[in-house]
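Inside the fold
One-letter residues, chain by chain:
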Amino acid sequence: TDDVDTRRSMLESIKEMSKCAEVLSPALRAAKADPHDLIAANKADAALDRIKLVMSKVAAGASTNAERMQEKALSLATLMEAVEVAVDHDSDASVPLSSLTNGLEQQILLAQAVAASTQNAVVKAQLGELSAALKKNISAVQAAVKFAPEGKGKQPTYTALSETRRLLAELTAATPSPGQSAADKMADIAQMMKTDLAKITQANSSKDPKIIAAAVAEANPSALLQQQELLRSYISQIDDLTEKINAQEAEQALQQQIMKITQALKKAKQQPNSPDALAEACKSTGPAIVILDSLIESTSISNSDRLLRAATEAGQQIVNVENAVKAGDKASSDASLSALRGALAQTTKAVRAEADQVKEPAKKKQLYDLAEKLDTIHASLSVAAVDALLDPSSSAQVTAIAETARNALSAAVALSSDSPLKQIGEIAASHGSSVDLIELALACGDTVSADKALNDLKEPLKMQLQFARAMADKVQDAKKKAEVLASLDKLRAAMPKVISTSEAAVKNNTPENRAAAQKEADVAREAIASIISVCSEPEEILIMESANTNKALAVLSATAASNPKNAKAAMTTVAQAQTRQSTLAQAIAVTNPELAAALAEAKKSTNNTLIQLSAGCANVANKPDDAQAAAAVKSLVDAVKKANDQLKAQAEAARAAKIQREQERIKKEKEEKARIERERAERIAREEAEKKKKQEDEMAAEAARVMERLKQLEALEADKNSA
C-alpha cells in the first residue's frame, strides 16, 4: 500500500500475528500429544481468538483502493474549504494550500499505482488521463491563489477548486471497486449526504443558539460539493440504463438544492451566533433529503439480477487470473485474485439469499451446495496460480479450476433466475447496444470511447453468453428454447469477428476498417434481434423506454447550459439510451418485416444526428462560456428527440399491427370454434334425425310384421270357420 498510516498499522498487525503464532504452535502440539491437556487447549483457543481479532483489524485497515480514494477526496474537501475561506478573507492561504497540494499528489500516486496493477487497458488509460489532468489542475489552483491578492479576483480560485472536485470524483469513480457496484456506491454517498443534511435540519429545529453555532462551525460547504461530484460520477457508471437516467435526472434537481444550501451555509458562517443562521439552508435541506431518499431506494434490484451482475464480474476476474498466469505476470495475478475475492463474496451472498427464499428442498440444497463450492474457488485458484507462476507446466490446474468455477457460476445463475427469457433478452440487448456504441464512436472519430465500448463488450461476453445458454436450458417452451439456443450459437460464432474487426478499426479508424467492422456487426445484430424478439416484446419496451431517452436528452441540454465540462458524460448516457432503442427497433423488424425499411431509416437518421450532437458536446466542453455552442447542443438535442419519436411511432405501429394480428387470431379462433360447434350441432342433429328415422323405420317394419301376422291369423281363423 502507498498509504503510510495503513502500512504502519498492517505491519504492526503482522508482528502481533507472529507473536500469536509463537504461542499457538507449541500449544497445538501439546494439545495434540495430550487431548486432555486443558491448559494447552485454552492457550490454543486464546491464540486463535487473538489471531481472529487481529485479522479483523487487518481487514478493516486494508480497505480497497477505491475506498481510500473516496475517503481522501472527502478529507481534501476540508482543505479546499480552508483555501476558499482564506482567499475570501484576503488572508494567507499558504498552509492549507500546501496541505491540499500534498494530498492531491498522494491521490495521483495512488491512482498511478492502481493503473500499474490493473489489466484493464481502458481503466489504465482513464486513470492516467485523469491523473495528468489533476496534476495540471494543482498548478492552476496554486496560480489562482497566488494571484488572487494581486487584483486577479477570487473567481479563478473558485473555478480551479471546482475543477479539482470534479477530477477527484472522476478519479475515484474510475478506480476499480471489486464486489461493489456503482449503484451501491451512489447509495452510500447519498446516505452520507442525507446524514449531513439531517444534522443541519435537527440543529435548526432545536432553536438552541449553542447547538446552531456548533452546527454552523461543523458544516463544510466544500465537502457537500465534493459529495455531489462523487454522486454524479458514480451515477455515470451505473449499468442499468433506466436506473442511471432516473438517477441523473434526480441528481440535476439535487444539484440546485445543494447549491442553495452551500451558499446559505457560507452566509451562516459569517453570523454563526444568530438563531436564524441555518434557517435559509433548511429551506433546501428538506427537498434535498427527499431526492436523496429516492436515489437510495432506486438501488433495490431483484436478487437474481444482483447475482447475474456479481457472477459476471467474478467470471471476468477468473479470466484475468488465467491471462495473468499465462503471461507470467504475478502482480496482475495478485490484483485479479484480490478482485475475485470480492466478486465471489457478493456472488455467494446472492446465491445463499436465493436459497433462503426457495421452498423446494432439492433446489434449495443445490443452491447451498453451489455456494459452498464457490466458497472454495478463491483459495484453490490462488494456490494453483502461485504454483503455475513458479512452474508454468502446472498451468493446466488453473484452467481446470477456472472451468469448474465458470460451470458453478452458470449453474447458480440458471437456478436462481426468476425469468430466464427476460434475462437472456436483456443480455442480448446489452450486447447489441455495445456493438452500436462502438460503431457510433468510430463514426464520430472518438476512438477512446470506441475502445471503452469495445472493452465493455469484450470483458463480460464469454461469461454472459455461457449464462444465457445455461438459462435457455431451463426454458419450458420447447419451440422458444430451440430458437433461442440456435440464435445464441450464431451470436457466439459472430462475436469474435466483431471484436477483431472493431479492434482493427479502433487502432486505425479508416472507412475500410469501419466498413469491415460494420459487416461483421450486422451478422451479430441479426442474431441479437432474433433473441430479443423471442424473449420479450421489443415494441413495448421501446415505447416505454423512449421516455428514458427524452429524460437523458433533457439532462444533456441542462448540463450543456449549466455545467459544460460534464456534457460528454451526459452525452454518453444519451448514446447508450438511443443505441438500445436502435437494437430494440431491429428486433421489432424480425416480426414486422413490413416496417423494416422505415425502422432502418429512423435508425440511420438518429445515428447521423447523434454524430453531430457528440461533436457539439465536445465543442461546448472546450468552450464552456460560448452561448452559441450551448444553443447548438440544444438544437441538436431537439433533433435527436424528433428522431427518437420517429422510432417510437414505428414501435407503436408495430404494436398496433401486433394487436390487430392478435385480434384476427382471436377472431379466427372464434370463427373456427363456432364452425366446429356448428358442425358438431349439425352432426348431432343429423345423427338424431337418422336415429329417429331408423327408429321410425324399425317401428313401421315391426308394425308391418304385426299386421302381416294378424292377416295370417285372420286367414287361419277364416279357414277354420269354413271347415
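Residues numbered from 1 in each chain as written. Predicted model: local features only at pLDDT ≥ 70, side-chain atom pairs only at ≥ 80, totals over all residues. Heavy atoms only, no water.

A few words now on the side chain of Gln 316. Looking at the element boundaries, Gln 316 is found in helix α12 (residues 303-327). Sequence-distant contacts of Gln 316, defined by excluding residues within four places in its chain, comprise Glu 459, Pro 460 and Met 463. (Helix = DSSP H or I, 4+ residues; strand = E, 2+ residues; numbered from the N terminus. Contact = heavy atoms within 4.5 Å.)

The biggest cluster of nonpolar side chains holds 113 residues, and the ones touching the most others in it are Leu 556 and Leu 613. Of the residues forming this core, the biggest block, twelve residues, is contributed by helix α17 (residues 447-472). Not counting the four nearest positions on each side in its chain, Leu 556 is found in contact with Ala 567, Ala 570, Met 571, Val 574, Leu 613, Cys 617 and Val 637. In terms of nonpolar packing, the next biggest core, distinct from the first, is built from 40 residues, Leu 197, Ala 215, Tyr 234 and Leu 292 among them. (Core = buried A, V, L, I, M, F, W, Y, C linked by side-chain atoms within 4.5 Å. Buried < 20%, exposed > 50% of the residue type's maximum accessible area, 1.4 Å probe, protein only.)

A word on the packing of helix α13 (residues 330-357) against helix α14 (residues 361-390). Helix-helix packing: each pair is described by the crossing angle between the helix axes and the interaxial distance. Interhelical geometry of α13 versus α14 gives an angle of 175° and a closest axis separation of 8 Å. Accordingly, the angle class assigned to the pair α13 and α14 is roughly antiparallel. Among the residues making up the contact of α13 with α14, the classes are represented as 13 nonpolar, five polar and eight charged. (Axes fitted to C-alpha atoms, helices over the stretch in contact; angles between N-to-C directions. Parallel < 35°, antiparallel > 145°, perpendicular 65-115°, else oblique. Nonpolar A, V, L, I, M, F, W, Y, C, P; charged D, E, K, R; others polar.)

As a packed pair, helix α16 (residues 420-444) and α17 sit with axes 9 Å apart at the nearest point and diverge in direction by 160°. What the angle tells us is that α16 and α17 run roughly antiparallel. Once α16 is placed against α17, the crossing between them reads as left-handed. Residues Pro 420, Gln 423, Ile 424, Ile 427, His 431, Ser 434, Val 435, Leu 437, Ile 438, Ala 441 and Leu 442 of α16 form the contact with α17, whose own contacting residues are Ser 449, Ala 450, Ala 453, Leu 454, Leu 457, Leu 461, Gln 464, Leu 465, Ala 468, Met 471 and Ala 472. Each residue belonging to the contact of α16 with α17 can be placed in one class, and the counts come to 17 nonpolar, five polar and no charged. (Left-handed = near helix turned anticlockwise from the far one by under 90°.)

For Thr 348, the location among the structural elements is in helix α13. On the basis of relative accessibility, which here comes to 6%, the residue Thr 348 falls in the buried class. Side-chain polar atoms of Thr 348 contact the backbone oxygen of Ala 345, separated by 3.1 Å. (Polar contact = N/O pair within 3.5 Å; in protein donor to acceptor, adjacent residues only side chain to side chain.)

By the burial criterion, the buried members of helix α8 (residues 209-218) are Ile 212, Ala 213, Ala 215 and Val 216. An end-on view of α8 places all buried positions within 160° of arc, on one side of the element. Residues of α8 that are exposed and point more than 90 degrees away from the buried face comprise Lys 210, Ala 217 and Glu 218. Looking at the buried residues of α8, the elements they touch are α7 (182-206) and α10 (241-268). (Arc of directions from axis to C-beta.)

Attention shifts here to α7. Here α7 spans 36 Å end to end across 25 residues, near enough to the 36 Å set by a 1.5 Å rise per residue. All of the buried residues along α7 are Ala 182, Ala 183, Lys 185, Met 186, Ala 187, Ile 189, Ala 190, Met 193, Leu 197, Ile 200, Ala 203 and Asn 204. Buried residues in α7 make contact with α3 (65-88), α6 (155-174), α8, α9 (221-235), α10 and α11 (279-297). Phi for Lys 207, located one or two positions after α7, is positive at around 60°. (Expected span 1.5 Å × (residues − 1).)

Looking at the protein chain as a whole, the pLDDT averages 87, with 92% of positions reaching at least 70. No element of the protein chain has a lower mean pLDDT than helix α2 (residues 38-61), which averages 59, and none a higher one than helix α19 (residues 511-535), which averages 95. This stretch, residues 56-62, has a pLDDT under 50; its non-local contacts, to residues over four places away or in other chains, come to five contacts. (pLDDT = per-residue confidence, 0-100.)

In this section: the state of the cysteines. Tallying each qualifying case throughout the model produces zero disulfides. Of all cysteine sulfurs, the one in Cys 444 lies closest to Cys 617, which takes part in no disulfide; the gap is 10 Å. Overall, the relative accessible area of 2% leaves Cys 617 in the buried class. (Disulfide = S-S within 2.5 Å.)

In the structure shown here, the tally under the stated rule is 40 salt bridges. We note a salt bridge from Asp 638 to Lys 634, for which the minimum N-O separation is 3.8 Å. On the criterion of helical spacing, the pair formed by Asp 638 and Lys 634 is a turn pair, its members being four residues apart in helix α23 (residues 627-722). Given a relative accessible area of 42%, Asp 638 falls into the partly exposed group. (Salt bridge = Lys/Arg side-chain N within 4 Å of Asp/Glu carboxyl O.)

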